[in-house]
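Residue-level structure breakdown
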Amino acid sequence: MPKPTPLSGFPELLPEQRFVEQQVIDTLRRTFELHGFAGIETRAVEPMDQLLAKGETSKEVYVLRRLQAESESADSGMGLHFDLTVPFARYVLEHAGKLEFPFRRYQIQKAWRGERPQEGRYREFTQADIDVVMKDELPFHFDVEVARVMAEALSGLPLPPLRLRVNNRKLIEGFYRGIGAADPAGVITIIDKLDKLPVDQVRSQLAADAGLDPGQVDQCLRLADISSTDTSFVDRVRALGVHHELLDTGLDELAAVIDGCASVRNDRFEVEASLSLARGLDYYTGTVFEIYMVGYEFLKSVGGGGRYDALASDGKNTYPGVGISFGISRTLVPLMSRGLLTTDRKVPSVVLVALIDEESRAASDEIATALRAHGVPCEVAASAQKFGKQIRYAERRGIPYVWFTNADGGHEVKDIRSGDQVAADPSTWTPPTDDLRPTVVATATTEEQHL
RNA sequence: GUGGGUAUAGCUCAGCUGGUAGAGCGCCGCCUUGUGGUGGCGGAUGUCGCGGGUUCGAGUCCCGUUACUCACCCCA
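Thresholds applied
Residues numbered from 1 in each chain as written. Chains lettered and ligands numbered in written order. Predicted model: local features only at pLDDT ≥ 70, side-chain atom pairs only at ≥ 80, totals over all residues. Heavy atoms only, no water. Helix = DSSP H or I, 4+ residues; strand = E, 2+ residues; numbered from the N terminus. Buried < 20%, exposed > 50% of the residue type's maximum accessible area, 1.4 Å probe, protein only. Contact = heavy atoms within 4.5 Å. Areas by Shrake-Rupley, 256 points an atom, 1.4 Å probe, with all protein chains shown as cover. Lys, Arg positive; Asp, Glu negative; His and termini not counted. Charge placed at Lys NZ, Arg CZ, Asp CG, Glu CD. Phe/Tyr/Trp six-rings, centres within 6.5 Å; stacked < 30°, edge-to-face > 60°. Near = heavy atom within 4 Å. Polar contact = N/O pair within 3.5 Å; in protein donor to acceptor, adjacent residues only side chain to side chain. Core = buried A, V, L, I, M, F, W, Y, C linked by side-chain atoms within 4.5 Å. Patch = residues over 30% accessible without salt bridge, like charges linked within 9 Å, V, L, I, M, F, W, Y side chains within 5 Å. Salt bridge = Lys/Arg side-chain N within 4 Å of Asp/Glu carboxyl O. Axes fitted to C-alpha atoms, helices over the stretch in contact; angles between N-to-C directions. Left-handed = near helix turned anticlockwise from the far one by under 90°. Nonpolar A, V, L, I, M, F, W, Y, C, P; charged D, E, K, R; others polar. Pairing = 2+ DSSP bridges.

**Section: the overall build of chain A**
- Secondary structure summary: chain A contains 14 helices and 19 strands in total.
- Projected onto the principal axes, the alpha-carbon positions of chain A cover approximately 90 × 60 × 45 Å.
- Each of the 451 residues in chain A was classed as buried or not, and the buried ones make up 50%.
- In chain A, the share of contacts with a sequence separation of at least 24, taken over all contacts with a separation of at least 6, comes to 69%.
- Surface accessibility of chain A: about 21100 Å² in total, with carbon and sulfur atoms responsible for 50%.
- A gap of 4 Å separates the mean positions of the 51 positive and 67 negative side-chain charges of chain A.

See the structure below:
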């Protein structure tokens, strides 16, 4: 087999990188469960009509086809899911009879998109998602809760500081209606481009595509210019002198989310009301979230979500929900490829049991067994090389301890970082807690975290 | 899907107007016959992405192709 070339957009991690990812997943999971969110996994595929019905129509969906299908063009009518929210909505409808509402669930899974890959944007990627879904009506306080839970979960990760930007669809839609815009949804789509296009282009699109007069355009841009980390945005919006019932509701809701997040805010997690935030997906009906990684704004949002009142509906029953998702691959892969996030060892082993010669392998195995019996991960040297080589084997992998047996049968364990070598009993010796598991080293935040 | 860039050792890269391939790091051995890291000495490694063309001669020029990468689109 010729040497395979990497597949663009399908990143694969080295063992030490996978360890980091696993630790991140474990941390998120622990926090989600701490808040009573139950884990589920949905199948990788959904019927195409499910995938295309919701959200954007231009989503690049990978379609499944049997190799032996009668005609080359005949697909199975199934596609890989491109996010976790749409499959979740389907899941809720399908299992509604067996679920307890409000249903709090987390889901950490892969998703696929056929987009052309770029840094931070992959064709196969892992997302962590939390949502709360209710039957008929979902109380607003859940909007605050999902933000708080995600904030708490993310604060525990070895990442650069994060910024949660929040807005409210009712607020901006009410505002646009209040100034007399004929097509509020169209305005939202154009305003969403503010962080990418120059203001002048947005201005002309608002005039040309959304049919706004210059006064209305100015009002829209003034609104989009408002942001604050406290509820002071409310007065600034009111100062624009626009009145609409929906606007009032939106202001109240957004203020409630900002207030509600006050306790989770810290120097590594910022929460900000940002009235330019719109989000492209059209199924959001109220609160909208986006998460950014400070210093990595070029990655665009590394998380997002919001309130969707009608995504899950079978015609008879409607299950409104609110959720927020976080891009694990999107954040981790760029950090790891820059060498800013790694581990202090490439393998789980904390001890390498040295091997004197092949005849004594059984003796070394016994030592390893004794260590493992009380939870010390270890491995026996692959071959009976000179001890210098065996130590180097451990050093290469970052294994901090090497276990030696004396000629007289006594045991000694050497910390190869310090060179200290002391007598030890394999049935009781245990390393300091910090050494027991590999440590995630995050240069980005210049701190080490024991997850 | 549209447009640009790139492809040389395990990694990062150099290689001029064409003359049959180099550095640093890493790796291996020895100094060091059973305890590594520093130091010294020595050593190995490439179908120069792939296919074709021009040429006496192509890593270098031309065409094609594939992959990677960046921007657009879209978004985690």
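**Let's talk about the packing of aromatic side chains**
- Under the criterion given, the structure shown has eleven aromatic pairs.
- Measuring from ring centre to ring centre gives 5.9 Å for Phe88 and Phe103, while their planes differ by 35°; the resulting arrangement is tilted. Of the two residues, Phe88 sits in helix H3 (residues 85–95) while Phe103 sits in strand E4 (residues 103–112), which places them 15 residues apart along the sequence.
- Exposure remark for Phe103: the relative accessible area of 9% places this residue in the buried category.
- Feature note: the residues Tyr283, Tyr284 and Tyr308 constitute an aromatic cluster, connected by ring pairs.

**Re the protein's contact with RNA strand B**
- Close contacts around RNA strand B come from 43 residues, with Ser8, Arg113, Arg121, Ile356 and Gln385 the closest.
- The sugar-phosphate backbone supplies 46% of the atoms of RNA strand B found within 4 Å of the protein.
- Tyr122 has a polar backbone atom sitting 3.0 Å from a base nitrogen of RNA strand B.
- Side-chain polar atom of Gln127 to a sugar or linking oxygen of RNA strand B: 3.2 Å apart, as the coordinates give it.
- Where the surface near RNA strand B is concerned, the elements lending two or more residues are strand E5 (124–133), strand E10 (303–313), strand E11 (318–327) and helix H13 (387–397).
- At eight residues, the largest contribution of residues to the surface near RNA strand B is made by H13.

**Quick look at helix H11 (residues 328–337)**
- Counting buried positions over the ten residues of H11 gives eight, a clear majority of the element.
- Residues of H11 that are buried: Ile328, Ser329, Thr331, Leu332, Val333, Pro334, Leu335 and Met336.
- The inward-facing, buried residues of H11 contact helix H1 (15–34), E4, E5, strand E9 (287–293), E11 and strand E12 (341–343).
- Immediately beyond the C-terminal end of H11, within one or two residues, lies Gly339, with a positive phi of roughly 75°.

**Topic: the nonpolar core**
- Counting 82 residues, the largest nonpolar core has Leu28, Phe32, Tyr176, Leu206 and Phe233 as its most contacted members.
- Among the elements that line this core, the one with the most residues is helix H4 (residues 141–155), at nine residues.
- Residues in contact with Phe233, not counting those within four places in the same chain, are Leu171, Ile226, Ser228, Leu251, Leu254, Ala255, Ile258, Ala273 and Leu275.
- Leu352, Ala354, Leu355 and Trp429 belong to the second largest nonpolar core, which has 24 residues in total.

**Some thoughts on a positive patch on the surface**
- Side chains of Lys386, Lys389, Arg392 and Arg396 sit close together on the surface and give a patch of like positive charge.
- Inspection of the secondary structure assignment puts Arg396 in helix H13.

**A look at the packing of helix H5 (residues 169–178) against helix H6 (residues 184–191)**
- Across the interface, H5 lies against H6 with an axial gap of 9 Å and an inter-helix angle of 115°. For the crossing formed where H5 meets H6, the hand is right-handed. Of the residues in H6, those in contact with Arg169, Ile172, Glu173, Tyr176 and Arg177 of H5 are Pro184, Val187, Ile188 and Ile191.
- Among the residues making up the contact of H5 with H6, the classes are represented as six nonpolar, no polar and three charged.

**Observations concerning the pairing of E11**
- Of all the ten residues making up E11, nine are buried; the element is thus mostly covered by neighbouring parts of the structure.
- Inspection of the sheet shows E10 paired to E11 by eight bridges, in the antiparallel sense. From the neighbouring strand, Ser313 faces E11, where its bridge partner is Thr318.
- In this structure, the hairpin formed by E10 and E11 is closed by a connection of four residues, where Gly315 is found at a positive phi of approximately 100°.

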